[in-house]
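Remarks on the overall topology
Residues per chain, in single letters:
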Amino acid sequence: CTMPEGTGKTTVFFINKKKLEVFFSAVVPYAEPHIDTVDLDEYEFKRVPTAGGTSRLHIIGSNFGPAGRVVPVRMGGKDLVGGVTLPHRRISFVPPPGIGTHITLSVEVDGQNSNEVTVDYQIPLVTSVSPELVPTCGAELVITGDNYGAVGTPVEASLVSAGSPIKCLNVRVTHEHTQITCTCPAGTGRGKRIQIVVAHQSSELGAAHIDYGDPTITQIPSIPTKGGEFEVTGTNFGAWAARVQAFVDEKSSRVGCVSHTSIWAYFPEGVGPDHTLRLVIDGYQSAQHTFSYAVPVISRVSRVPTCGGVLAVDGDNLGRDTSTLSVSVGDADGGATFPVEVKIPHRKLYCTAPPGTGQNIPLRLRVGGVTCATAFSYDKPVIASASPAMLSTRGGELTLTGENFGNDLACVTVALNCKPCSTPKIASAHTQLSVTIPPGSGKDMPLSVLIAGSESNTIMFSYAPPKIANVEPKKLRAGGTITITGENFGPKGGEVHAILNGVLAEVSVVVEHTVLSCHVPTGIGKNLHFVLVVAGATSNDFPLSYDKDAQYTLTEEALEHWQVGALQEAASIFSKVLRYYPDFLPCALGLRHLLYFRPSLRLLPGQQPPLQITCANLETAAKTTPAMLLCEEPSAKTKKAGRKFIDKLCSAGGAAPVRIFLTGVWLQQVEGENVAAADYLGRAADSGSAPAQFLLGVAHFCGDGVVRADPKRGVALLERAVDDGHATAAHLLGAMYYRGSPTAEVAVNKARASQLHACAADAGHVASAHLLAVAYCEGGGVPRDPVRAAQLLQRIIDTADYPPSTLLLGLLNLKGDGVRRDMVYGAQLVQQAADTGDPAALYRLGRCCIKGYGVRADARRAAKLFRRGAESDHVPCTLALAALYRDGAEGVAADPARAASLYRRAAEAGDARGLTALAQCYASGDGVAPDATRSVALLRRAADAGSSEALYRLAESYHDGRGVERDPNQAAALYERASDSGYAPALCGLARCYMRAEGVPADPERAEQLLRRAAYAGNADAAYLLATTRTVDKEERLRLLRYAVESGHARAMVALGAACGDAAEAVSLYQRAADAGAPAAEALPPLAHCYFRGDGVPRDRARAARQFERALQAGAEFDVTELGVCLLEGAGDALEKDEARAVALLQRALDAGHVAAAAPLARCLLSGEGVPAPDPQRATQLLRDAADAGDGAALHALGSCYARGDGGMPHDVVLAASLFERAVDANCVAACYDAGVCYWHGDGVAQDRARAASLWGRGADAGDADSSAALGVCLAESGADDTRAVVLLQRGADAGRAEAAAWLGVLLLRDSPLQDRARGASLLRAAVAAGVALLPEWNYLLGREALAAGDTVEALRLTRLASDAGHSVATFDLAARGDSGASGGPAAEACAQCLIGASLLREGDRAAAAAQFERALSGGRAPYAAALLGALREEDDNAELALRAAALSATDRSLLLLVVGAGAAADAFRVGAWLTAQSQSQAQAFARDVLRVAADAGSAEARRALADGGNGRAVPGVPASV
């Protein structure tokens, strides 16, 4: 039958027409669609634009179906829709956007797929670029054209010129298909055409191009005349020194470092302005820029002797050539010119100046037409001596000897005491003068010489001192006039003073130089010193004496001063009388009570004031006897003399109150006549005598027998005395108001007490000043002001010896309260107070010795100090000594029995602390038999005495049931009572009760409040407990834990180690916790973990295992995986392997749910270590389970199995690489190495050596030896960072990686700052012995070391091995030795000549090197090589010879390679860089040979240059930043 048209598959039914039955059916397919060709005639270049079709694309073929049918079309993986436009023969559709070539195209007709054909998208087209002129540092370019693809399409842009294309950076499509933006790289030159690559299709090179800007000089600094390298700034300099030429004054100059905006150019020596600089970069030159050499600067001009001499001029930019130098005198040209000599080029000149005098004489220096003005001076005159040394006050002739006096008398002036003398005479030119000194007097008067305005040094001239020959009369009465004869008293009107025993007297001159008259004051004494002072010169001492009985007159005079209020004058007279008549009792009594009235009065030097009356010594001081005044009982003669004076006072009618008072004091304290004394003192008090009021007030208060006891009357009298300014009365009343006095009905009033103490302190009462300082410290009656307190205390100890003030100021310095903290000074003050025997000071000094505050910690010394205080029954000293014996210390053996005895002494004194400490002794049995019941009894006594600690200890007893029946309710109540005073341990104990509901209802919030109070009160337990609660933030938790750690809390150390985030600190804390007695289960496992991992400490598996074992023995429950690994691997002699126990521990850890145990246990199951037989199936199952749980070690181990095909796993590098990546993401450090290996070699992943280096860097940073070794080899081979390479390779070598040791040896053998040839050779030989295969360079380096060691046979063998392997320097060495085995080598003689020349150049001997090159030239050997090397060394500026390098024969080229290879690696690099800069292609090809030589010789720069040029010498994918 005939089939109708159709597509796909159809069913044909054969029907029996008669029976109307289907007797047969079959599925008949239509033919599959087939594409013959694609009609691209409508598109330019017969390619599709990347933006897609603007018209329809026609597919020509067969079996497409009827017209109008919709047909699916698939192009480049994209599903499109087309339509049949010619029945069965053509399908039309609009092509989509895209890029690339060989894009597959197919259709589908009713489920039948056609064959595939390919079409291409159009190549990119460049029409323009903006900007066309760019700076040499590069710029942003906008490239316009077509067929660039959509935004985000990967594209490349390059600059194409005569050389290799240079790729642009950051290339991206910014406008769909039509615009690209990129960063133009740095460069130089012009005509760089743009080429775009999209999907491996490159655009054609058209007219679009860019030009780099021409160089422009903007600034040249002022150049010193000595020349040198200086920075020239500008634009478009490029960054390649080899492409830059500099011409200074059109002469070629060297160029150093180059950047796009600056060049370091060499400027030769020169002077003056109008010099030029021109730059040529890549054949394009800058405009000439004018510069000047620096103007001369004079920093110093020497002085010249007046007799003439050498003038030295120091400065800078002074030049070198004397023909350009001139020195002249005067402000303008034409002055006298000095001959000039250059002493130090550019810096120092010498010239000769004539004799003369004067200062600031103008001087002009001319350097290369530039003038610098300065001035010079002749030396100042110097007086060496004067003769005679001293003249009489009548005057005379004086001769001065010295230098620089000149030879012109008109310029000379001599001045004595700033007054000119008569005209001097020149005794000898420049060296000696004579002058007449006028009459006068004086001592150390300045004498100087002025020469032409220049002043000499000053010498001291003195007239002869006065001399006393006689004084009349020799005995002085109550003062009067005396006549003094002698010599050198000076002229009339001169300055003359007479001093009698330190007191000035009036003097007048009677006869010039010989006789004086003097009026002396009233006084007392024998053999008093009398001297004359004439204009500062003191005469001899002449003794004078007053008549006897002067003490009576002076004492009366003192009383008169006292009466009128001239208290200091009275005190001075009393003091003076007592100095000469120390047993004159009336004077002593008067001075004593005067000082009670005003303690601040000054006495004569050496005299001690009487003991001040204080509240502590009131009764004793008030009843002072004459013996206490005179240090012994007065004799009858002494009393008689005093009685005579008192009778005289009594006989005077209407006597002044002060006389009546002194009479009453005499009667009371000397005669003992209390009734008469009371009468006189009462009369004096009624007359307003404050001392009498004070004395009677004390008598009434104390009831001493003078008057009856009447405290209220005594206080009233003291108040009256205070109103009249009596200091001691103010002190006593202040003490009463501070403490209160029930007998005197005085209430406590601290404010009034402080006022009274301030009044007494102002009057000089030391004890009151101290009590006022105490009030400022405590805030008692005045606002607390420790600064004011410290100032008062310092004033006290500066003026008086008062131990309590010294001690208190010392304590303030120790604490830094009111003063800057100074423990050393504080301890010194406490020591001063302790030296007086004060028990409180002894206690404080002992505490300093215990703590080491300001002194060296010394427990033995502290014990001695406490013992001295305890002997005085000082309770704090007793307790401190007991504590020392209880605990023991260095130098003090523990003695519990003695400690308990001392505590008992304190307890018997009723001290609560002693009771509490003794209770602790009975509770613990320290020094006594244990007795918990007695301990509780003592604690109750101490608690009744108000001890918070005793309440706390008693609460602990009830809480624990020690000595009493356990009672949580009573314990909580006692904690509550103790905590009322803020006692921190009690607060912590009460908090625990609220946390545990012991004796009180559970209340976490109340517990936290209590813990916070206790913690911030200094309790370490509370700080630790509070830190472990959930309510504190991280910052507060760390702060609390650190405080607890500082207090020695062991468990806090463990907690802080886990929370601090610093591995090194954590290790220290764990170790401290273990040493401080923390539970082993808490401190040892984390410490062992740190040693296992090397966190904060060097890795030490043996030590880790020991710590883990100690923790296990202590019953700790922890993850034993790491202990199992330690036993599995061992640690040499320090830790033996124990595979069976390791397997048991790992299984135990795995059973406990620790996934990390799976990987090491699987290793044992794979290898059979510690198990009866290997079990790969179980091992792989363990690894899969652990890997599924995210364990990094398991992922790594499973990846290793797939990489090697171990454990029954298939060899699958793709899966292995994926597992390694997952292990790295899971922070498995060891996986970094294996993942890096996969990326390095492209095993299972796309090759990406940069990614490999990054992974190895990550592993190396974490301390992995394999990663360190791998990265170190990369860095060493590429030369990217030799310093870091050495560090990494050393780590790998230390871990036993032989290849790392080999490369480390190579780095140390190369010519570099890291060179250590002996160690390098040793490492390389050891690596070879370990089986590391030698590279050619390694053979060469070992051969060089063998030659240095004198082993020529071994050196030749190794060098031949290197040469046979293609090492160029080895080949050249063999050629230089004339070794016939070296292929292509030049003649040995030419080699030797050029090698010697290269060596001499390297040593700086250019002349000798030139001679060697001349020999090579004259012999006809290698002329071009020698000439070229000379040109490169700047010995020959013949560019033509240099450019002929391109035409060198093979022999000459080998010779040049030999020469540069024999030099330093840096020299070879320099030659190669120069050749690279040349434009000839042959020269550039030759440059690569030279750079290879430099790289083989160890030049990292050469290796980088080769890598930059695409020659593959560096390791691909390892950037220099790695």
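Within every chain, residues take consecutive numbers counted from 1 along the sequence as written. In keeping with the model being predicted, local features are shown solely for residues with a pLDDT of at least 70 and side-chain atom pairs are shown and tallied solely at 80 or more, while totals for entire chains, interfaces and linings include all residues. Each side-chain value is derived from all of the structure's non-hydrogen atoms; neither hydrogens nor water enter the calculation.

1. Considerations on the environment of Glu556
Rules: In DSSP terms, a helix is any run of H or I states spanning at least four residues, a strand is any run of E spanning at least two, and both are numbered starting from the N terminus. Relative accessibility decides the category of a residue: with a 1.4 Å probe and only protein chains considered, values under 20% of the type maximum give buried, values over 50% give exposed, and everything between is partly exposed. It only takes one pair of heavy atoms within 4.5 Å for two residues to be counted as in contact.
Considering the arrangement of structural elements, one finds Glu556 in helix H1 (residues 550-563). A relative accessible area of 17% means that Glu556 is categorised as buried. Residues Glu556 and Arg659, 103 residues apart in the sequence, show an inter-C-alpha distance of 9.0 Å. Among residues more than four places away in sequence, those in contact with Glu556 are Phe645, Lys648 and Arg659.

2. Quick word on a positive patch on the surface
Heads up, the condition is: Surface patches are defined over residues having more than 30% relative accessible area and no salt bridge, joining like charges when they lie within 9 Å and nonpolar side chains (Val, Leu, Ile, Met, Phe, Trp, Tyr) when within 5 Å. Values of accessible area rely on a 1.4 Å probe in the Shrake-Rupley scheme; residue burial ignores everything except the protein chains shown. Put simply, a salt bridge is a Lys or Arg side-chain nitrogen that is within 4 Å of an Asp or Glu carboxyl oxygen. Neither His nor the chain ends contribute to the count of charged residues, in which Lys and Arg are positive and Asp and Glu negative. Lys charges are placed at NZ, Arg charges at CZ, Asp charges at CG and Glu charges at CD.
A contiguous patch of positive charge on the surface is contributed by Lys815, Arg844, Arg847 and Lys851. Counting through the fold element by element, Arg847 comes out in helix H17 (residues 839-851).

3. Quick look at the pattern of salt bridges
Close approach of charged atoms allows side chains with opposite charge to pair. Within the structure shown, the criterion is met by 33 salt bridges. Of the charged contacts in the structure, one is a salt bridge between Arg69 and Asp110, with a shortest N-O distance of 2.4 Å. A residue pair is termed long-range when its members are at least 10 positions apart, and Arg69 in the loop between strand S4 (57-62) and strand S5 (70-75) and Asp110 in the loop between strand S8 (103-109) and strand S9 (112-113) qualify at 41 residues. On the basis of relative accessible area, Arg69 is assigned to the partly exposed category, the value being 24%. Asp110 sits in the partly exposed class, given a relative accessible area of 45%. Across the pair Arg856 and Asp858 runs a salt bridge whose closest N-O atoms are separated by 3.4 Å. Residue class for Arg856 comes out exposed when judged on its relative accessible area of 65%. Via salt bridges that share partners, Arg1101, Glu1129, Arg1163 and Glu1169 belong to a single interconnected network.

4. Some remarks on helix H10 (residues 711-723)
Our working definition: Every helix has an expected span of 1.5 Å times one less than the residues it contains.
Between its terminal C-alpha atoms H10 stretches 18 Å, which fits the 18 Å expected from 13 residues at 1.5 Å a residue. Where H10 is concerned, the buried positions are Gly714, Val715, Leu717, Leu718, Glu719, Ala721 and Val722. Looking at the packing, one finds that the buried side of H10 touches helix H9 (690-702), helix H11 (727-739) and helix H12 (750-762). Positive phi appears at Gly725, one or two residues downstream of H10, with a value of about 90 degrees.

5. Some details on the environment of Asn501
For Asn501, the position within the fold is in the loop between strand S51 (496-500) and strand S52 (503-511). Overall, the relative accessible area of 34% leaves Asn501 in the partly exposed class. Once the C-alpha coordinates of Asn501 and Leu544 are considered, the two residues, 43 residues apart in sequence, prove to be 9.1 Å apart. Every residue in contact with Asn501, bar those within four places of it in the chain, is listed here: Leu528, His529 and Tyr580.

6. Description of the side chain of Ser947
How we decide: Here a polar contact means two N or O atoms within 3.5 Å. Within protein one must be a hydrogen donor candidate and the other an acceptor candidate, and residues neighboring in sequence count only if both atoms are side-chain atoms.
Tracing the sequence through the fold places Ser947 in the loop between helix H22 (932-944) and helix H23 (948-960). Ser947 sits in the buried class, given a relative accessible area of 11%. A polar contact of 3.1 Å, which involves the side chain of Ser947, links it to the backbone nitrogen of Ala950. Not counting residues within four places of it along the chain, the set of residues in contact with Ser947 comprises Ala912, Thr916 and Ala942.

7. Thoughts on the sheet that holds strand S35 (residues 348-353)
To be explicit about the condition: Only when DSSP finds a minimum of two bridges between them are two strands counted as paired. Axis definition: a line fitted to C-alpha atoms, over the contacting stretch in the case of helices. Angles run 0 to 180 degrees between N-to-C directions.
On the basis of which strands lie adjacent, the open sheet formed by four strands has the order S30-S31-S35-S34 and antiparallel pairing. Among the strands making up the open sheet, the edge pair consists of strand S30 (297-301) and strand S34 (340-344). For this sheet, the mean angle separating the axes of adjacent strands, direction not counted, is 35 degrees. Pairing analysis gives four bridges linking S30 to strand S31 (residues 309-316), with the strands arranged antiparallel. Among the inter-strand pairings, Val297 is bridged to a residue of S31, identified as Asp316.

8. A closer look at the packing of aromatic side chains
Note the following rule: Working definition: rings of Phe, Tyr and Trp (its six-membered ring) pair if their centres are within 6.5 Å, and the pair is stacked with planes under 30 degrees apart, edge-to-face with planes over 60 apart, and tilted otherwise. Only lysine NZ and arginine CZ atoms are considered, and such an atom sits over a ring when it is within 6 Å of the ring centre and within 35 degrees of the ring normal.
Evaluated as defined, the whole model comprises 13 aromatic pairs. Taken together, a centroid distance of 6.4 Å and an interplanar angle of 25 degrees make the contact between Tyr1233 and Trp1256 stacked. One end of the pair, Tyr1233, is in helix H39 (residues 1230-1241); the other, Trp1256, is in helix H40 (residues 1249-1261), and 23 residues separate them in sequence. The class of Tyr1233 is partly exposed, set by a relative accessible area of 28%. The structure contains a cluster of three or more aromatic residues connected by ring pairs, namely Phe267, Phe291 and Tyr293. The ring of Phe247 carries the charged tip of Arg278 above its face, separated from the ring centre by 4.6 Å.

9. A look at the packing of H9 against H10
For clarity, the threshold we go by: An angle below 35 degrees is read as roughly parallel, one above 145 as roughly antiparallel, one from 65 to 115 as roughly perpendicular, and any other as oblique. Each crossing gets its hand from how the near helix is turned against the far one by less than a right angle, where anticlockwise is left-handed and clockwise is right-handed. Three categories are distinguished: nonpolar for Ala, Val, Leu, Ile, Met, Phe, Trp, Tyr, Cys and Pro, charged for Asp, Glu, Lys and Arg, and polar for the others, with Gly belonging to the last.
In the contact formed by H9 and H10, the axes pass within 7 Å of each other and the chain directions differ by 160 degrees. Classified by the angle between their axes, H9 and H10 sit roughly antiparallel to one another. Crossing of H9 over H10 shows left-handed handedness. Of the residues in H10, those touching H9 at Ala690, Gln693, Phe694, Leu696, Gly697, Val698, His700 and Phe701 are Pro711, Arg713, Gly714, Val715, Leu717, Leu718, Arg720 and Ala721. In terms of residue class, the contact of H9 with H10 is made up of 10 nonpolar, four polar and two charged.

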